Every structure is written in structure tokens, then in C-alpha cells.
Amino acid sequence: MSRHEVAPTDPKLAQEHVFGTFPLLKSERSWSALDFTWVNTALAIATWAFLVGGSTALLVGFEAGIAAMLIGNAIGLCFMVLASVVASQRWGSEQYMLLRGAFGVVGVGVVVFTVILITEMGWSSLLAVMAGRATSQVASTMAGTDLGQYGPVVTIGGLVAIAIAWWVLSRGPVTIGRFNAVIAPGLAVITVVMMVFLIANTSWEALLTAAPIAPFEDETLNFMVAVEFNVGVGVSWYPVMGSLARMTRTRKAAVWPAYGGLLIATLIAQVVGMAAALTLGDSDPTVWMVPFGGAVLGIAVLIFIAFANITSMSSIVYSTILAIRQSSGGLLAKVPWKVLTASFFVLPAIMTFFPQFMYEQFMIFVSVSGAFLTALCGVALADYFVLRKQRIDLRQMHLGQRGTLYAYPGGVNWAGIAALLLGAAFYLWLYNPITLETQAAFSVITASLPAAVVAAIVYLLLTRLLHRERTFRKDA
Amino acid sequence: MTPTPPARAGEARASEFEREMIAAGKDPIVAAELERRIGTVERDELDDASRQPFSGRELAAYVGVSVAAVVIGILVVAL
């Protein structure tokens, strides 16, 4: 075996290599713990974190907000990392391939084209709108007039951001990596600068005594909804983490940087957003950066933020398109990459015409997508750790319906699909983020963790019921 | 009957795997590369530390840290 794999010269091999179909070999897995920590930090300190912090401030004050963000992210990241990072790191394959046992080849396609696609389109729409708001604020400052937070310039800016993101994406992962190498440290510096501006223009006392912006009457409920919202944020990393973790050299280089990197970096950025929301009434730095930082610095920061949103968009869309392509059963394999990526952006482009809707429905979006992603994690954990005892037959997995271990009638493992739906339904019964109805138990156990447990138990029970004669491991 | 030696059994399964992948629509060169990679993972990297399962001790440490983070959060609110 060669020490380092040589880049494939055959275009077909090169294409499969880029699109992540092949399991990675030891010589190709180059990320150390530090490398992966930086990757996760770059993802976590994106501008959506400010919005999450600001949304948390709707319900709780500063200290309770920090606690809610810590508890929520710790829980959400805990089972998200176990469900996606561990298996992908060991086998060098991305998480959607490894879900074939839990859902079947067609079933994974169903999950990807519904839960994953809608979730990632939602986040992309939000990032486009945030880039549009930064554009509008810069234009307002330069023109000396107020163009509004949800005006037509926001839509134009959002559409331009999508066009640039598509261009970056169409150039492939190398270009995305180059942009991220600049953006990540820049955002870290800007986050610190913004915190300094916040403290300089307000005070610690004002921060610590600030009341939540729009709480419910029940304080316990406020805190638990804030926790639950942050659990949803933690699990929202599921669609991209497996694809990244396969690049790491060891388990330690994968699990701890994924958990610690995302947790710490997310918390820092969210605290800035929450502090801004509590003291200034708005978490979005596009609103307060120019008044506080002055025209030149403010505009420079806003342009950087707009650009950061574009690279974040490119990163998450890249992983999603890979998943879509691999889960389409060969239907999309021949569709040109540029066409596929452009198709993804159609819905986010439409959503930029409704920027206010995107901002106002942010908490509902995160919580509802969290309901499905937590259930998905529950099923994935039960399948990999309990049913298959961490053993995967890579040949059988790639054979899919032509093999035996991961083949199901019609390509769908109904045990996995039913468990996913029941887990999500249980979440929505405990806590309905649309009607805000909750069960008494929600104030004690939240909704995500029990939803994941219910999904896992239902999956194992249905597997025993539906696949009694089945073999799940090659040595079983 | 003489049993098939393990190496030859592996080769037979390998070619069967490639045939199945080609029949499923994979390009022959891609199927061969996939087989080469899976063979490397199963043979050459079998005992490599990076290919070992997540141990019970690692799981306990990981969940323990998560629980500790939750407890710190609860203490921030309680105190």
C-alpha cells in the first residue's frame, strides 16, 4: 500500500472521489484533532449563531440564557456526534451511506429528500436573507437613507448572495475550503470585536439585569423552551458532520473536536447575539454594527458578514448535494453538478422575497426540523450501536438492494421510517413549537431526548417484529 | 472436498462483488477501485487504531462530559 494515495487520473474515478462515494483509506484521512477543531469552529461561528442567541433572549435573561444554551447544545451535540461522527470516522464513509441499514436504500433517499433537504434549504434561505440584510444596511449607510430591514434591497442582496454561493459551489470543495480558511479566523476576530463594541456601548450591569424580550408567563416553561430550541440547534449539525468526520485520522481527532469545537464556538457566538438582543433589542449585527462601529468599520464588518454567510451556505449545500446525489439511486448521477446545485437554490431564492417570514419563523423552523433530526439520530444510534454492534460490511452496504444485509423489500426498511415518524410525533406531542402547546412532562424532560429514545426503542421493537429471521451482521 | 483457502475465497468474493456492482450500473473501473479500497480497509487497516470500534470506556467518558456540561448549566440557573 502506498503511504499516500495518488489523486486519481481517470475522470470517472476522480468524480467518484470528489462526490464522496469511496470509503476513505488511512493515507487519505489527513485531519488531526486541531484541524478538525478549526473546521468545526469555522462552521459554528457563522452568523446564524447570533440569531440563535437573539432568539434565546426572547425567552430568558443573560444568565439563564447561557445555561439554556449550554444545556441545550450539550444534549443536542451529544447524540448528534454519536449518531453521525463515530461510524463515519471508523468506516471512512459519509453518514447517508451508513444509514442504509436503518432505512434501506430507497428509505435513505426518502429521508434525504424530505428531512435533510428541507432543513438545509431552510438554513440556506436564512443565510441568504442575513446576507441581504447586511447588503441593505451597507447600502443604507452609503446612501444616507433607511432602506429597511425587510425591503427590496434585502431580496436583491439575498439573490446576489445565492448567485455567488452557487458560483463558489460550482467550483468544487477546494474553492470552498480556500474561502473558509480566510473566513473562519476573520469571523472569530469579528465576534470578539462585536463583543467589545457591545460592552463599550452598554454595560455588564445592563446585560445582567436585562429582562427577556418576549417571554411567556411561566418562567420554567421559558427556560425549557430555550433549552429545547438549543437542542434543536445542536442536532442541526447532523446533515454535515459525518461527511467531515470521515476525513479525521483517529476517533479522538473526530469525536472530541466535533463535540467540543462546536459547543464552545457556538456558545461564544450565541452569547454575543444574546447580549446584543438583551441590551439593544436586536441580535442581528447588521442592525447595530454601523451605529456602534462607525460607517467605515461598520461597513467593513457587514461586508465580511455577508461574505461569511455565502461561504457557510456553500459548505452546507455541498454536503447536502452529495447526499442528494448519492441517495437518488442513480437518477441524478448524470445531472451536471452545476445544474444540481442551481436546482437546490430555487426554493431559497424564492424565500428571499419573504425575508420577514424567515426571521419570524426561525424558532419554529429550528424546533420542527429538530424534532425529525433527533428522531433520526435515535434510529441511527439504535441501528449502529445496538443492532449492528458497530460492525458494517462495506461490500454489502455498497451492493445495497443487490446484497443481503442492507436489502429490504422495495428498498425501504419500514421499521426505521416508522420509528422516525413516531419519534418526531412524540416530540411534537410533548412540545408543539407552532401552537406552543406543551405536556407537563416537557418542563422536566424536554422533548428532544425522549423523542430520540422513543425512536430508538420503536426501531428495535419493530425490527424484532418485522425482521425476525434476518441477519444484521456478517459474522452473526 | 478440499476447503477453499481464505485468500482465494476472498478473491472469488471480490470478483463477485465487482460483477454485482457492474450489473447495478457502476462503471467497471469504479467497481474495481471500490473493491480495492474495501479490501484495504478489511485487510491492511483491520488492526489500525482508527478502525477500531468506540469502546465502552470512551462512550462513558463522552457521555460523562456531556452530563457534566448539563450539570454546570443547571448550577448556573440554580445558584
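Above this text you will find the structure in question.
Everything numeric in this text was worked out from a predicted model, so none of it was measured. (Residues numbered from 1 in each chain as written. Chains lettered and ligands numbered in written order. Predicted model: local features only at pLDDT ≥ 70, side-chain atom pairs only at ≥ 80, totals over all residues. Heavy atoms only, no water.)

1. Remarks on the interface of chain B and chain A
Worth spelling out the cut-off: When checking whether two residues touch, look at their non-hydrogen atoms; a contact exists if any pair is within 4.5 Å. In this description, buried area is defined as the sum, over both parts, of the accessible area (probe of 1.4 Å) that is lost when the two are combined. A carboxyl oxygen of Asp or Glu within 4 Å of a side-chain nitrogen of Lys or Arg is what we treat as a salt bridge. In protein, a polar contact requires one atom able to donate a hydrogen and another able to accept it; more generally it is a pair of N or O atoms within 3.5 Å, and residues adjacent in sequence count only if both atoms are side-chain atoms. Helix and strand definitions here come from DSSP, where helices need a minimum of 4 consecutive H or I residues and strands a minimum of 2 consecutive E residues; each element is numbered from the N-terminal end. Under the scheme applied here, ten amino acids are nonpolar (Ala, Val, Leu, Ile, Met, Phe, Trp, Tyr, Cys and Pro), four are charged (Asp, Glu, Lys and Arg), and all others, including Gly, are polar.
Taken together, the 42 residues of chain B in the interface contact 46 residues of chain A. Note on chain B versus chain A: buried area summed over both sides is about 4,000 Å², and carbon and sulfur give 63% of it. Counting across the interface, chain B meets chain A through six salt bridges. Run the count over chain B and chain A and you get 18 residue pairs in polar contact (both at pLDDT 80 or more). Sorting the residues of the side of chain B that touches chain A by element identifies α1 (6–23), α2 (28–42) and α3 (56–78) of chain B as the ones contributing at least two each. For the side of chain B that touches chain A, the element with the most residues is α3(B), which contributes 13 residues. Residue composition of the side of chain B that touches chain A, grouped by class: 22 nonpolar, six polar and 14 charged.

2. What to know about the pattern of salt bridges
Filter applied, for reference: The buried label goes to any residue with under 20% of its type's maximum accessible area, the exposed label to any with over 50%, and the partly exposed label to all in between, with areas taken from a 1.4 Å probe on protein chains only.
A complete count under the given rule lists 10 salt bridges over all chains for this structure. A salt bridge links B:Glu58 to A:Arg251; its shortest N-O distance comes to 3.0 Å. Of this pair, B:Glu58 sits in helix α3 while A:Arg251 sits in helix α13 (residues 251–280), each in a different chain. Side by side, B:Glu58 and A:Arg251 carry an identical accessibility label, which is buried. Between B:Glu20 and A:Arg402 there is a salt bridge, and its shortest N-O distance comes to 3.4 Å. Here B:Glu20 is found in helix α1, whereas its partner A:Arg402 is found in the loop between α20 (394–399) and α21 (414–430) on a different chain. Residue classification places B:Glu20 among the partly exposed residues on the basis of a relative accessible area of 27%. A single network of salt bridges, built from pairs that share partners, joins A:Glu28, B:Glu33, B:Arg36 and B:Arg37.

3. Some points on the environment of A:Tyr150
All names here are of chain A. Residue position: Tyr150 is located in the loop between α7 (105–143) and α8 (152–170). The partly exposed category is assigned to Tyr150, whose relative accessible area is 32%. Taking the C-alpha atoms as reference, Tyr150 lies 8.9 Å from Val129; in sequence the two are 21 residues apart. Excluding residues that lie within four positions of it along the chain, Tyr150 makes contacts with Arg133, Pro355, Gln356 and Tyr359. Side-chain polar atoms of Tyr150 contact the side chain of Arg133, separated by 3.3 Å.

4. Looking at the packing of α7(A) against helix α15 (residues 295–327) of chain A
Residues and elements named next belong to chain A. The line we're drawing: Axes here refer to lines fitted to C-alpha atoms; in helices the fit is confined to the stretch in contact. Angles between the N-to-C directions go from 0 to 180 degrees. In these notes the angle categories are as follows: under 35 degrees is roughly parallel, over 145 is roughly antiparallel, 65 to 115 is roughly perpendicular, and the rest is oblique. If you view the pair so one helix is near and one far, a crossing is left-handed when the near helix is turned anticlockwise from the far one by less than a right angle, and right-handed when it is turned clockwise.
It is at 9 Å that the axes of α7 and α15 come closest, and there the two elements cross at 165 degrees. Looking at the two axes, α7 sits roughly antiparallel to α15. Regarding α7 and α15, the two cross each other, and that crossing is left-handed. Counted by class, the contact of α7 with α15 contains 23 nonpolar, eight polar and one charged residues.

5. A closer look at the side chain of B:Glu58
Overall, the relative accessible area of 19% leaves B:Glu58 in the buried class. When sequence neighbours within four positions are dropped, the list of residues in contact with B:Glu58 reads A:Arg251 and B:Pro53.

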